[in-house]
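Now for the letters of each chain:
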Amino acid sequence: MPGPIQSIERAAAVLRLLARGSGHHGLTEIADSLGLARGTAHGILRTLQRVEFVEQDQTTGRYRLGAALLHLGTSYLDANELRSRSINWADTLAARSGQEVRIGMHHDGAVLVVHHVFRPDDSVQTLGIGAMLPLHATALGKVLLAYDPDLSAAARRRELTSLTRRTITRAQALERVLTEVRAQGWAGEAEEYMPGEASIAAPIRIPGGLVVGAIGISGPVDRLCDSAGRPRATLVRQVSQAAEAVTTSLVDEN
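Going by what an unreviewed UniProt entry lists, the protein is known as IclR family transcriptional regulator and is assigned to Lentzea atacamensis.

On to the packing of aromatic side chains. Here the distance between the centres and the angle between the planes together describe a pair of aromatic rings. In this structure the tally under the stated criterion is 0 aromatic pairs. Taking NZ or CZ as reference, Arg205 lies 4.7 Å from the ring centre of Tyr147, over its face.

Moving on: the confidence of the model for the protein. Averaged over all residues, the pLDDT of the protein is 88; the fraction at 70 or higher stands at 91%. Confidence drops under pLDDT 50 across residues 70-76; counting only partners more than four residues distant or on other chains, this segment forms 13 contacts.

Looking at the protein, the domain boundaries give domain 1 (6-71) and domain 2 (79-252). One C-alpha centre belongs to domain 1, the other to domain 2; they are set 27 Å apart. Counting residues at the interface gives 15 residues for domain 1, matched by 13 residues for domain 2. Summing both sides of the interface, domain 1 and domain 2 together bury roughly 1,200 Å²; the carbon and sulfur share of this comes to 53%. If you look at where domain 1 meets domain 2, you find 0 salt bridges. Between domain 1 and domain 2 we count 2 residue pairs in polar contact (both at pLDDT 80 or more) in total. In terms of residues, the side of domain 1 that touches domain 2 owes the most to one element, helix α1 (residues 6-18), which gives 5 residues.

Further remarks concern the sheet that holds strand β5 (residues 132-133). Taken together, the 6 strands give an open sheet; going across it, the order is β5-β4-β3-β8-β7-β6, and neighbouring strands pair in antiparallel fashion. The sheet is open, and its two borders are formed by β5 and β6 (187-190), each paired with just one other strand. Here strand β7 (residues 197-205) pairs with strand β8 (residues 211-220) via 9 bridges, running antiparallel. Counterpart to Ala202 in the pairing with β8 is Ile215.

Packing of helix α2 (residues 27-34) against helix α3 (residues 38-50) leaves a shortest axis separation of 9 Å and a crossing angle of 110°. One element, α2, and the other, α3, form an angle in the roughly perpendicular class. Of the two elements, α2 crosses α3, and the hand of that crossing is right-handed. For the pair α2 and α3, contact is made by Leu27, Thr28, Ile30 and Ala31 and by Arg38, Ala41, His42 and Leu45, respectively. Class assignment for the residues of the contact of α2 with α3 results in 5 nonpolar, 2 polar and 1 charged.

A word on the side chain of Ser249. Position of Ser249 among the secondary structure elements: in helix α9 (residues 233-252). Of note is the side chain of Ser249, whose polar atom sits 2.6 Å from the backbone oxygen of Val246. Contacts of Ser249, omitting those with residues within four sequence positions, involve Arg85 and Trp89.

Thresholds, definitions, all that
Residues numbered from 1 in each chain as written. Predicted model: local features only at pLDDT ≥ 70, side-chain atom pairs only at ≥ 80, totals over all residues. Heavy atoms only, no water. Phe/Tyr/Trp six-rings, centres within 6.5 Å; stacked < 30°, edge-to-face > 60°. Lys NZ or Arg CZ within 6 Å of the ring centre and 35° of its normal. pLDDT = per-residue confidence, 0-100. Contact = heavy atoms within 4.5 Å. Domains from an automatic or database assignment. Buried area = accessible area lost by both parts, 1.4 Å probe. Salt bridge = Lys/Arg side-chain N within 4 Å of Asp/Glu carboxyl O. Polar contact = N/O pair within 3.5 Å; in protein donor to acceptor, adjacent residues only side chain to side chain. Helix = DSSP H or I, 4+ residues; strand = E, 2+ residues; numbered from the N terminus. Pairing = 2+ DSSP bridges. Axes fitted to C-alpha atoms, helices over the stretch in contact; angles between N-to-C directions. Parallel < 35°, antiparallel > 145°, perpendicular 65-115°, else oblique. Left-handed = near helix turned anticlockwise from the far one by under 90°. Nonpolar A, V, L, I, M, F, W, Y, C, P; charged D, E, K, R; others polar.

Pasting the structure below:
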């Protein structure tokens, strides 16, 4: 049997992205969100325009769904599905890293924690499933912001609440960080959400490249970061591998 056709998966991811939020996106936003070269994204958009699945605003140059797809479904995984498909990899990541693991997705302007694995030690811990975390001050949230243009634009328009002395509160500074997240493929933060705590996260994607969630670890700064405050490379690699494993499992099931 022939395998999946990558160009069709990418076109589907573009349509899902356009079905989110305001549904109006520029070429660069679409390319960055899906991890595509601009030329590739432009070719997909031109083809979708030709078959009237996508329209381009002649004034702004931004793209939106065509009339034939105005009722396209926007959700792929709900919270329970994302949790069930990620749970084994989360357990493995907790065991390898020695830190607590969270899986999150966007909900109502925040990160909804859909799964939480305790740190594998005897310390007292509180189950975090259902918690709502700030997008701008957590690694999970930065991942979700980096790959969703509507979400990041909305975050920049709102006041960025200061939670610690290290929290990013300026829109321009946040955008610089999100650009770095897209370039390196993962996000980190140190004492931006809670003093003495740090976190690292990476994106979970569905076929075509659309980011539907994030998986990450959190723990004491001195365990997650080196003396310069940078996330430890070994932990970044472990988180990225876990995210890739979840992504692969989603691709294989579809």
